[in-house]
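In case you want the letters, here they are:
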Amino acid sequence: MFIMVLQWLGAIVLAFLVGKLVSKLKLPSILGWLIAGMILGPHGFGLMPDALLDTFWYQAIIHVLECAVGLMIGTELVWRKIKQYGKALVVTTVTQSLGTFILVSAVFGVVFAMADIPVYLAFLFGGIALATAPAPALSIVREFKTNGPVTKTLIPMAALDDMIGVVVFFTTVAVVARQVSGGGMPLYMIPVMIFLPLLIGVITGIPAGLLLKRKRSKPVSLLILCAMILATTIIGFLCNTYLMPSPLLNFMLMGMAFSATFSNMVSEERLEQITSDFNPLLGISMIMVILNLGAPLDYHAILGAGFYTLIYIVFRAAGKYFGARLGAKITHMPSTVQKYLGFTLLPHSGVSLVFTGIAVSVLVTPAPECARIIQGTIAAAAVINEIIAVIVAKKGFEWAGELNTQPVKSQEQL
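Residues numbered from 1 in each chain as written. Predicted model: local features only at pLDDT ≥ 70, side-chain atom pairs only at ≥ 80, totals over all residues. Heavy atoms only, no water.

Draft legend 1. Spotlight on the overall build of the protein chain. A count of helices and strands for the protein chain gives 18 helices and zero strands. When the backbone C-alpha atoms are referred to their principal axes, the protein chain occupies close to 65 × 55 × 45 Å. Sequence-distant contacts in the protein chain: of pairs separated by 6 or more residues, those separated by 24 or more amount to 83%. Accessible area for the protein chain stands at about 17,000 Å²; split by element, carbon and sulfur atoms hold 70% of it. Taking the average location of the 26 positive side-chain charges in the protein chain and that of its 18 negative ones, the two points are 10 Å from each other. (Helix = DSSP H or I, 4+ residues; strand = E, 2+ residues; numbered from the N terminus. Contact = heavy atoms within 4.5 Å. Areas by Shrake-Rupley, 256 points an atom, 1.4 Å probe, with all protein chains shown as cover. Lys, Arg positive; Asp, Glu negative; His and termini not counted. Charge placed at Lys NZ, Arg CZ, Asp CG, Glu CD.)

Draft legend 2. Up close: the nonpolar core. Trp8, Met48 and Leu225 are the most contacted members of the largest nonpolar core, which totals 81 residues. Counting residues per element, this core draws most heavily on helix 14 (residues 268–294), at eleven residues. Excluding residues that lie within four positions of it along the chain, methionine 48 makes contacts with Trp8, Ala11, Leu40, Gly41, Pro42, Leu53, Tyr58, Leu291 and Ala295. (Core = buried A, V, L, I, M, F, W, Y, C linked by side-chain atoms within 4.5 Å. Buried < 20%, exposed > 50% of the residue type's maximum accessible area, 1.4 Å probe, protein only.)

Draft legend 3. Representation of the packing of aromatic side chains within the structure. Summed over the entire model, instances satisfying the criterion amount to 22 aromatic pairs. Centroid distance tyrosine 340 to tryptophan 399: 6.3 Å. Interplanar angle 45 degrees. Geometry classified as tilted. Placement of the pair is tyrosine 340 in helix 16 (residues 335–340) and tryptophan 399 in helix 18 (residues 368–399), with a sequence separation of 59 residues. Residue class for tryptophan 399 comes out partly exposed when judged on its relative accessible area of 44%. An aromatic cluster is present here, built from Phe108, Phe112, Phe125, Phe307, Tyr308 and Tyr312 joined pairwise through their rings. (Phe/Tyr/Trp six-rings, centres within 6.5 Å; stacked < 30°, edge-to-face > 60°.)

Draft legend 4. Representation of helix 18 within the structure. Its 32 residues give helix 18 an end-to-end C-alpha distance of 44 Å, which sits within 8% of 46 Å, the value for a rise of 1.5 Å per residue. Within two residues after helix 18, glycine 401 carries a phi angle of roughly 75 degrees, on the positive side. (Expected span 1.5 Å × (residues − 1).)

Draft legend 5. Examining a nonpolar patch on the surface more closely. Taken together, Leu230, Ile234, Leu238, Tyr242 and Leu243 make up a surface patch of nonpolar side chains, about 550 Å² in accessible area. Examined against the element boundaries, tyrosine 242 turns out to sit in helix 12 (residues 218–242). (Patch = residues over 30% accessible without salt bridge, like charges linked within 9 Å, V, L, I, M, F, W, Y side chains within 5 Å. Salt bridge = Lys/Arg side-chain N within 4 Å of Asp/Glu carboxyl O.)

Draft legend 6. Inspection of the environment of valine 104 at higher detail. By the element assignment, valine 104 lies in helix 7 (residues 86–114). Look at valine 104 and you get buried, because its relative accessible area is 1%. The sequence separation of valine 104 and tyrosine 58 amounts to 46 residues, and the corresponding C-alpha distance is 35 Å. With sequence-adjacent residues up to four places away left out, valine 104 is seen in contact with Phe125, Gly126, Ala129, Phe315 and Arg316.

Draft legend 7. Main features of unusual backbone geometry. In this structure, aspartate 116 takes a positive phi of about 60 degrees despite not being glycine. Of note, aspartate 116 is situated in the loop between helix 7 and helix 8 (120–129). The backbone of histidine 332 shows a phi angle near 60 degrees, a positive value even though the residue is not glycine. Within the secondary structure, histidine 332 is located in the loop between helix 15 (307–330) and helix 16.

Draft legend 8. Layout of the packing of helix 4 (residues 56–69) against helix 14. At their nearest, the axes of helix 4 and helix 14 sit 9 Å apart, and the two run at 130 degrees to each other. When the interaxial angle is binned, helix 4 and helix 14 end up oblique. Handedness of the crossing formed by helix 4 with helix 14: left-handed. Taking contact as the criterion, the partners of Tyr58, Ile62, Leu65, Glu66, Ala68 and Val69 in helix 4 are, on helix 14, Phe278, Leu282, Ser285, Met286, Met288, Val289 and Asn292. Classifying every residue of the contact of helix 4 with helix 14 by side-chain character gives ten nonpolar, two polar and one charged. (Axes fitted to C-alpha atoms, helices over the stretch in contact; angles between N-to-C directions. Parallel < 35°, antiparallel > 145°, perpendicular 65-115°, else oblique. Left-handed = near helix turned anticlockwise from the far one by under 90°. Nonpolar A, V, L, I, M, F, W, Y, C, P; charged D, E, K, R; others polar.)

Draft legend 9. Molecular detail of the packing of helix 4 against helix 12. It is at 9 Å that the axes of helix 4 and helix 12 come closest, and there the two elements cross at 125 degrees. It follows that helix 4 is oblique to helix 12 by the angle criterion. In terms of crossing hand, the pair formed by helix 4 and helix 12 is right-handed. The residues of helix 12 that touch helix 4, namely those facing Phe56, Gln59, Ala60, His63, Val64, Cys67 and Ala68, are Ile229, Leu230, Thr232, Thr233 and Phe237.

Draft legend 10. Focus on the pattern of salt bridges. By the definition in use, this model includes four salt bridges. With a closest N to O distance of 3.5 Å, lysine 320 and aspartate 161 form a salt bridge. Taken together, the positions of lysine 320 in helix 15 and aspartate 161 in helix 10 (residues 149–181) put the pair 159 residues apart, joining distant regions of the chain. We note a salt bridge from glutamate 369 to arginine 372, for which the minimum N-O separation is 2.7 Å.

Nothing here speaks to function; it is all geometry.
Listed below in structure tokens is the structure:
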């Protein structure tokens, strides 16, 4: 175990250095962290082997860090900030999520029908495609200090998008599982997977808000915040172990609900102080979470990318972009949101690999050929899409004119 800890620490340092190198090229540091993960992971030099990634202690630490990263979303979900975008935010989230699901499912449905492949597989592709990985885009927000309509829409949308993604994907998986094997996840588990992480976050967020209301020293504030993040994660672990048929709860969603709860209980000045104090720990957490995101990605899959991978990447991007543009237009959101929000929604790899693993586990026995198709396609797409998506997301903020535009007094907030 000691050797594996040293390997992981070495990988973190190397990822940090690669991120710095990439940032010198005017590209997001997260791209360096992802590339470092791929190179140092089990498919590369093996500094982060499967033996490390599969250990309980490593997974436990990653879940704590995911919960911490959720603060990037939750601390922006202050009612007085988001109420102006309330209806428009919901409509735009629905159009870009469901638009992507419908478009990808329809295109693959036609392709699979022509290739004599079961059409139900098309809906699984659509269910995987609609989800967005919030961490990459939020990392860009933090690194380049973006501020403006696109940023203010994206951050709360990340939370709503996760919820819609869980509902659509697991409903699709449940229906397909019943069709191919007569079993599958009980439908009542779908709302549990959405609302249980939110409930856990609220339960720990209320006492955190009461404790953090009063102005305290930086060490005390950090101690309270870290202790409550740990408490949130422990409750999540217990629920995953004893209430869920398999560990499926979203820890970033827990962190989002936890931080949104206490953020609405403290003053604006106090919240800015708390987020400023937590900023260095958040930066370290982001590196480690993104490194973990990149480690399972097999860059060799690029060589195996084929027609299905191309279709998946192109039509997922089209669904995200035009779905976001449609929702923003019909709700009269600012023109920059209409034009550029879709570009910031393209990062995808972490959640896509989780969803793919679940889909493959459902199909591997009753339909092994379909399992191979979906696994091979998404593996290649995850690598190719993530490299492109991070660059395009950064350009989206740039085209919207939101890079380095945070007010001086709140530059430390994210």
